[in-house]
Amino acid sequence: NINLEFVCGMKIFFYSQFGKYLPGKIWMIMGKVYLADKYGISKKKVLLSSFIEILASILSGLLLFLISLHFEENFKISPKLLGITLFSIPILLILLNPKVSGYFVNMGLKLFNQEALKIDFTFTQIIAIFFYYLFAWLIIGIGFYMLIGSFVDISYTKIPILAGSLSLAGTIGIISFFVPGGIGVREGILAFLLSNILSAPMAVLSALACRAWLIAGEVVLLAVAYKLRPPIKYINKTINQ
């Protein structure tokens, strides 16, 4: 068990976020490993938590998109894209099981001649993380609606499909491993989805505005994390690895 101060956790998370804008996306995770190591946190535990975090984010984003489709009768989507989305959910649910995810993590560690890691997460804890990300996607979607509403007249009834479209585009951006920050991929998918409820020019403008809005938010959160001063005692001495 690890007892990490909240402020320190914020610094690790927001400092490492900009690593996703480098090719391969591995740098965001490596940034967490590097920063967490300064607080005495095992590199293996950081890798495990990052793996579960990514899975929870992807699965919750896909689920929110599927739910949002029920709120928009005239929404048109490629059957192939919908099929991929539906097919991905049971696979990701299986991967969220600690025994399954732990197996793949330890298999990766074995390739690098590293000792196997004991999986401390319970399935209940992982599901809690999943619902946290589901809620986060929804809140971001509401913010996205307010952003679009600043230059387009759009009904609040479009909030579900806007949140779902953004979550699906973000999810595809996450799994586009070799595209820094999903730049271009996320905007293209989002513009395509939004073209079902907005004119094509407005859909493209909204997708580009969304990218600028999210980057601005990341910069603000990075500044906040930088200004926060962690306690002198960053982390408890007792760490069970």
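Higher on the page you've got the structure.
Note that residues are indexed from 1 along each chain, following the sequence as it is written. The model is predicted, so local features are restricted to residues of pLDDT at least 70 and side-chain atom pairs to those at 80 or more, both for listing and for counting; the totals for chains, interfaces and linings are taken over all residues. Hydrogens and water are ignored here; the side-chain numbers use all heavy atoms of the structure.

1. Comments concerning the overall build of the chain
Keep this limit in mind: Only DSSP runs of H or I reaching four residues or more are called helices, and only runs of E reaching two or more are called strands; each is numbered from the N terminus. Residue exposure (1.4 Å probe, protein chains only): buried if accessible area is under 20% of the type maximum, exposed if over 50%, otherwise partly exposed. By definition in these notes, contact holds between two residues if any of their heavy atoms fall within 4.5 Å. Here the Shrake-Rupley method, with its probe set to 1.4 Å, supplies the accessible areas, and only the displayed protein chains count as covering residues.
In terms of helices and strands, the chain carries 9 helices and 0 strands. Listed N to C, the secondary structure of the chain is α-α-α-α-α-α-α-α-α in terms of helices and strands. Taken across its 241 residues, the chain has 44% of its residues classed as buried. Within the chain, contacts between residues separated by at least 24 positions form 73% of all contacts whose residues are at least 6 apart in sequence. A total accessible area of about 13,500 Å² is found for the chain, and carbon and sulfur atoms account for 70% of it.

2. Regarding a nonpolar patch on the surface
Which entries qualify depends on this criterion: Only residues whose relative accessible area exceeds 30% and that form no salt bridge are eligible for patches; like-charged ones are grouped when within 9 Å, while nonpolar side chains (Val, Leu, Ile, Met, Phe, Trp, Tyr) are grouped when within 5 Å. For this analysis, a salt bridge means a side-chain nitrogen from Lys or Arg found within 4 Å of a carboxyl oxygen belonging to Asp or Glu.
Taken together, the side chains of Leu22, Ile26, Trp27, Met30 and Leu47 define a hydrophobic patch exposed on the protein surface, amounting to about 440 Å² of accessible area. Ranked by residues supplied to the nonpolar patch, first place goes to helix H2 (residues 26–37) with 3 residues. Since its relative accessible area comes to 39%, Ile26 is described here as partly exposed.

3. Considering helix H5 (residues 98–111)
As a reminder, the rule being used: The length a helix should cover is 1.5 Å for every residue beyond the first. Distance and chemistry together define a polar contact, namely a pair of N or O atoms within 3.5 Å, with one atom able to donate a hydrogen and the other to accept it when in protein, and with adjacent residues in sequence counting only for side-chain atoms on both sides.
The end-to-end C-alpha distance of H5 is 20 Å, a good match for the 20 Å that 14 residues give at a rise of 1.5 Å each. With a side-chain oxygen positioned 2.9 Å from the backbone nitrogen of Lys99, the residue opening H5 is Asn97. Taken from the residues just after H5, Asn113 is the one with a positive phi, measuring 55°.

4. Description of the environment of Glu53
For Glu53, the position within the fold is in helix H3 (residues 43–69). In this structure the C-alpha to C-alpha distance between Glu53 and Phe130, which are 77 residues apart in sequence, comes to 8.2 Å. Residues in contact with Glu53, not counting those within four places in the same chain, are Phe13, Lys32 and Tyr133. A polar atom in the side chain of Glu53 sits 2.8 Å from the side chain of Tyr133.

5. With respect to the pattern of salt bridges
Tallying each qualifying case throughout the model produces 4 salt bridges. A salt bridge links Lys20 to Glu218, with the shortest nitrogen-to-oxygen separation between them at 2.5 Å. Remark: Glu218 occurs in helix H9 (residues 200–227) and Lys20 occurs in the loop between helix H1 (6–16) and H2; sequence separation between them is 198 residues. Each member of the pair, Lys20 together with Glu218, is buried. The shortest N-O distance in the salt bridge between Arg186 and Glu187 comes to 4.0 Å. A relative accessible area of 15% places Arg186 in the buried class.

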